[in-house]
Amino acid sequence: MKYAKEINRRKTFAIISHPDAGKTTLTEKLLLFGGAIQVAGAVKSNKIKKHATSDFMEIERQRGISVATSVMTFEYGEFLINLLDTPGHKDFAEDTYRTLTAVDSVIMVVDSVNGVEEQTRRLMEVCRMRDTPVIVFINKMDRDGKNRFDLLEEIEKELKISLHPMTWPINSGKDFKGVYNLDNHSLRLFTAHSGTEDEAAISIEQLSDHLLEEKVGDRDADQLREDVELIEGVYGDLNWQDYLRGKVAPVFFGSAVNNFGVKELLDTFTRIAPSPRSRETSTRLVDVAEDRFSGFIFKIHANLDPKHRDRIAFMRICSGRFERNKYYHHVRLDKDVRFSNPYSFLARSKDVIEDAYAGDVVGLFDTGNFKIGDTLTEGENFYFTGIPSFSPEIFKELVNKDPMKTKQLEKGVRQLTDEGVAQLFTQFGGNKKIIGCVGELQFEVIQYRLLQEYGAACEFRTLPFYKACWLTSEEPGKLEEFLRFKQQNAAEDKDGHPVYLAQSEWFLNTEISNNPSIHFHFTSEIHK
Ligand code: G4P
């Protein structure tokens with residue numbers, strides 16, 4: 001337990017939202033408070049432009065910049081905060097899902113005008129799979145949003161999580177006056193500004209205090225009293241353990257662009273969000289505070305420059321302390337590796353570091369040794385579990401346009417799938433290569449990168465599948481028979497696991513009910 005003090009002060013999290021809800025703005029404000037950036041606008045330039053949906057050159061450019069903002073580390077009071085960036089673009093959702101395996105909690109931004117949107121729903125599903133603790137920040141209170149009670153109900157219903165308001169807004173839009181903090185009984189009045197000065201908190205122990213009328217007027221004071229009575233009746237006291245178990249999400253209201261409610265969020269976040277916790281592996285629970293180091297790779301970033309094939313593998317440290325130039329055991333390859341230039345991401349500049357602790361994310365130069373999900377230890381053999389692949393949504397056959405470059409194509413496809421850019425399936429009993437992605441944009445990126453980095457020309461042929469399910473069975477004979485019989489829909493993933501490719505929900509449900517001895521899984525653990 002040598003490192004307990006260092007580890008306990010770490011908070012590793014991600015901000016997630018539907019595009020445009022305010023993730024970038026909130027990130028930037030948090031960094032301003034943490035002193036990690038000096039001016040607003042610094043993070044914004046990293047964003048993939050909204051209208052760049054088919055402009056992959058723009059994506060490529062962003063890929064270069066986004067290494068620097070993949071992890072934003074800053075100190076806040078006694079805490080060390082690791083904020084992991086997640087791409088907002090829906091075509092890169094899989095990247096976001098994987099990043100969520102490397103965090104200990106999330107802040108979810110919901111737009112008060114639009115409420116729960118498609119992407120929020122999906123991201124929440126991923127959080128629920130891992131019981132990740134969630135704090136909800138309802139943003140854009142300076143705009144005429146939905147009724148607050150309706151909004152909470154919508155979030156609870158749509159995201160299947162219980163909520164607990166920590167602050168309560170007084171009106172919204174042009175009448176927005178501020179928020180009342182139900183936890184510490186103080187009022188913060190809304191002023192639009194972008195600096196880092198704190199909004200003055202006015203202590204109002206008893207809501208019957210006439211100071212309330214003085215500050216917000218008679219009508220709003222009465223309304224607030226009524227609302228608070230209702231909230232306390234409906235929501236009761238928050239059990240912090242329920243938050244830590246991912247069962248209840250504390251809710252804050254604010255306006256990121258106006259820097260309102262952000263410091264309140266950050267202060268509560270650092271107080272209640274979990275520090276790094278113990279993690280399950282294929283053999284045992286790894287205690288975060290054990291002295292021996294362990295970690296796993298959750299993201300791989302290729303170099304933009306085709307002349308330099310090196311990549312950066314992002315490793316989340318799960319226990320102990322990681323040291324520069326020390327040999328560690330690469331479990332999958334069964335070989336010892338060491339790193340002379342590990343990066344940390346303090347204050348947006350990449351710095352070579354001497355050591356790092358559980359909860360931290362370190363960037364490792366990689367010449368092709370890593371795949372997503374790989375584990376490093378001090379000698380022990382285990383894999384961290386809970387790093388699944390999700391079913392792609394678009395499937396296309398990869399067609400080689402230049403038979404002279406077959407080898408390069410194979411190598412490129414293998415490396416790109418190791419990086420997690422796409423998933424590769426090989427049709428059962430044949431060698432048709434099927435690429436599965438979450439968005440159209442990724443096919444363009446693959447085609448472009450195969451040509452630029454490997455000199456291999458390819459094209460894609462659309463396939464009529466909508467989902468991939470990983471198959472297992474206690475009766476191997478039955479599974480084999482099924483795969484043979486359904487050859488058109490059967491494939492292997494790149495690790496050789498059998499997969500059923502369904503044309504539609506109807507087909508999938510029919511196969512599930514016709515084959516009770518076969519289990520259809522909607523995610524795959526990369527390592528079992
Ligand atoms: P994202 O990363 O989740 O996609 O969202 P982002 O922060 O980029 O915010 C999307 C838009 O919403 C931006 O406006 C941003 O200024 C605005 N916004 C963020 N927080 C608030 C808020 O509290 N109130 C209001 N009214 N707007 C907010 P934009 O016009 O798209 O970009 P910009 O030109 O302002 O940079």
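What counts as what
- Residues numbered from 1 in each chain as written.
- Predicted model: local features only at pLDDT ≥ 70, side-chain atom pairs only at ≥ 80, totals over all residues.
- Heavy atoms only, no water.
- Helix = DSSP H or I, 4+ residues; strand = E, 2+ residues; numbered from the N terminus.
- Buried < 20%, exposed > 50% of the residue type's maximum accessible area, 1.4 Å probe, protein only.
- Polar contact = N/O pair within 3.5 Å; in protein donor to acceptor, adjacent residues only side chain to side chain.
- Contact = heavy atoms within 4.5 Å.
- Pairing = 2+ DSSP bridges.
- Axes fitted to C-alpha atoms, helices over the stretch in contact; angles between N-to-C directions.
- Phe/Tyr/Trp six-rings, centres within 6.5 Å; stacked < 30°, edge-to-face > 60°.
- Lys NZ or Arg CZ within 6 Å of the ring centre and 35° of its normal.
- Patch = residues over 30% accessible without salt bridge, like charges linked within 9 Å, V, L, I, M, F, W, Y side chains within 5 Å.
- Areas by Shrake-Rupley, 256 points an atom, 1.4 Å probe, with all protein chains shown as cover.
- Salt bridge = Lys/Arg side-chain N within 4 Å of Asp/Glu carboxyl O.
- Lys, Arg positive; Asp, Glu negative; His and termini not counted.
- Charge placed at Lys NZ, Arg CZ, Asp CG, Glu CD.
- pLDDT = per-residue confidence, 0-100.
- Core = buried A, V, L, I, M, F, W, Y, C linked by side-chain atoms within 4.5 Å.
- Parallel < 35°, antiparallel > 145°, perpendicular 65-115°, else oblique.
- Nonpolar A, V, L, I, M, F, W, Y, C, P; charged D, E, K, R; others polar.
- Left-handed = near helix turned anticlockwise from the far one by under 90°.

### Focus on the side chain of Ser-391
- Examined against the element boundaries, Ser-391 turns out to sit in the loop between strand 24 (388–390) and strand 25 (394–400).
- Given a relative accessible area of 11%, Ser-391 falls into the buried group.
- Of note is the side chain of Ser-391, whose polar atom sits 2.8 Å from the backbone nitrogen of Ala-468.
- With residues up to four places along the chain from it excluded, the contact list for Ser-391 reads Lys-467, Ala-468, Trp-470 and Phe-522.

### Remarks on the sheet that holds strand 4 (residues 105–111)
- Pairing is mixed across the open sheet formed by seven strands, whose spatial order is 2-3-1-4-5-11-6. Among the strands making up the open sheet, the edge pair consists of strand 2 (71–76) and strand 6 (162–165). On average, adjacent strands in this sheet sit at an angle of 30° to one another, irrespective of strand direction.
- Sheet topology note: the strand 2/strand 3 (residues 79–84) ladder contains six bridges and is antiparallel. Looking at strand 3, one finds that Tyr-76 is bridged to Phe-79.

### Things to note about helix 10 (residues 262–272)
- Burial analysis of helix 10 places nine of its eleven residues in the buried class, the great majority of the element.
- Residues of helix 10 that are buried include every one of Val-262, Lys-263, Glu-264, Leu-265, Leu-266, Thr-268, Phe-269, Thr-270 and Ile-272, and no others.

### Some thoughts on the packing of aromatic side chains
- The final tally for this structure, using the stated rule, is 25 aromatic pairs.
- Ring geometry for Phe-13 and Phe-269: centres 4.3 Å apart, planes at 45°, overall tilted. With Phe-13 in strand 1 (residues 10–17) and Phe-269 in helix 10, this residue pair connects regions lying 256 residues apart in the sequence.
- Look at Phe-13 and you get buried, because its relative accessible area is 1%.
- Measuring from centroid to centroid gives 5.8 Å for Phe-296 and Phe-384, while their planes differ by 45°, and the two rings are tilted. Of this pair, Phe-296 sits in strand 14 (residues 294–302) while Phe-384 is found in the loop between strand 23 (375–377) and strand 24, placing the two residues 88 residues apart along the sequence. Across the pair, exposure class does not vary: Phe-296 and Phe-384 are buried alike.
- Taken together, the aromatic side chains of Phe-293, Phe-322, Tyr-328, Phe-339 and Phe-370 make up a single cluster linked through ring pairs.
- The ring of Phe-314 has Lys-299 lying over it, and the distance from NZ or CZ to the ring centre is 5.5 Å.
- Over the ring of Phe-443 we find Lys-396, and its NZ or CZ is 4.7 Å from the ring centre.

### Some words on a negative patch on the surface
- Judged by side-chain charge, Glu-226, Glu-229, Glu-232 and Asp-237 come together as a negatively charged surface patch.
- Checked against the element boundaries, Glu-232 lands in helix 8 (residues 218–235).

### Side note on the confidence of the model for the chain
- Put simply, the chain has an average pLDDT of 87, and 89% of its residues get 70 or more.
- The low-confidence segment residues 48–54 (pLDDT under 50) makes eleven contacts with residues lying over four places distant or belonging to another chain.

### Some details on the sheet that holds strand 8 (residues 178–181)
- A sheet is described by the order of its strands in space; here four strands give the open sequence 7-8-9-10, paired in antiparallel fashion. Either end of the sheet is taken by a strand with one partner, and the two such strands are strand 7 (167–170) and strand 10 (201–203). For this sheet, the mean inter-axis angle between neighbouring strands, taken without regard to orientation, is 25°.
- In terms of strand pairing, strand 8 meets strand 9 (residues 186–189) through four bridges, oriented antiparallel. Across the sheet, the residue bridging to Asn-181 is Ser-186, located in strand 9.

### Remarks on unusual backbone geometry
- Of note, the phi angle at Asp-20 is positive, near 85°, even though the residue is not glycine.
- Structurally, Asp-20 is set in the loop between strand 1 and helix 2 (23–33).
- Looking at Asp-20, the relative accessible area reads 41%, which means it is partly exposed.

### Focus on the nonpolar core
- With 61 residues, the main nonpolar core has Leu-100, Val-134, Val-136, Ile-138 and Ile-155 as its most contacted residues.
- Element by element, the count of residues in this core is highest for helix 8, at five residues.
- Excluding its chain neighbours within four sequence positions, the residues that come into contact with Val-136 are Met-108, Val-110, Ile-155, Leu-163, Ala-249, Pro-250, Val-251 and Phe-252.
- If you look at the next biggest cluster of nonpolar residues, it comprises 29 residues, including Leu-31, Phe-137, Leu-266 and Ala-273.

### A look at the packing of helix 2 against helix 10
- Where helix 2 contacts helix 10, the two axes come as close as 10 Å, and the packing angle between them is 70°. When the interaxial angle is binned, helix 2 and helix 10 end up roughly perpendicular. Residue-level contacts link Leu-26, Lys-29, Leu-30 and Phe-33 of helix 2 to Val-262, Lys-263, Leu-265 and Leu-266 of helix 10.
- Considered class by class, the residues forming the contact of helix 2 with helix 10 number six nonpolar, no polar and two charged.

### Notes on the pairing of strand 15 (residues 311–319)
- Among the nine residues in strand 15, nine count as buried, and that is most of the element.
- In the sheet, strand 14 pairs with strand 15 via eight bridges, with the strands oriented antiparallel. Looking at strand 15, one finds that Lys-299 is bridged to Phe-314.
- Across six bridges, the pairing between strand 15 and strand 22 (residues 361–366) is antiparallel. Bridge pairing in strand 22 places Ile-312 opposite Phe-365.

### So, the side chain of His-164
- Residue position: His-164 is located in strand 6.
- In this view, His-164 contacts Tyr-235, Gly-236, Asp-237, Leu-238, Val-248, Ala-249, Pro-250 and Val-251; residues no more than four positions away in its chain are not counted.

### Quick word on the pattern of salt bridges
- For the coordinates displayed, the defined rule picks out 41 salt bridges.
- Here Asp-95 makes a salt bridge to Arg-98, at a shortest N to O gap of 3.5 Å. Of this pair, Asp-95 and Arg-98 both sit in helix 4 (residues 93–100), separated by three residues, roughly a single helical turn.
- Its relative accessible area of 21% is what places Asp-95 among the partly exposed residues.

### Some words on the packing of helix 4 against helix 5 (residues 118–130)
- As a packed pair, helix 4 and helix 5 sit with axes 10 Å apart at the nearest point and diverge in direction by 25°. On the basis of their axis angle, the class for helix 4 and helix 5 is roughly parallel. Note on packing geometry: the crossing formed by helix 4 with helix 5 is right-handed. Of helix 5, the residues touching helix 4 (which contributes Thr-96, Tyr-97 and Leu-100) are Arg-122, Leu-123, Val-126, Cys-127 and Arg-130.
- Per-class residue counts for the contact of helix 4 with helix 5 are five nonpolar, one polar and two charged.

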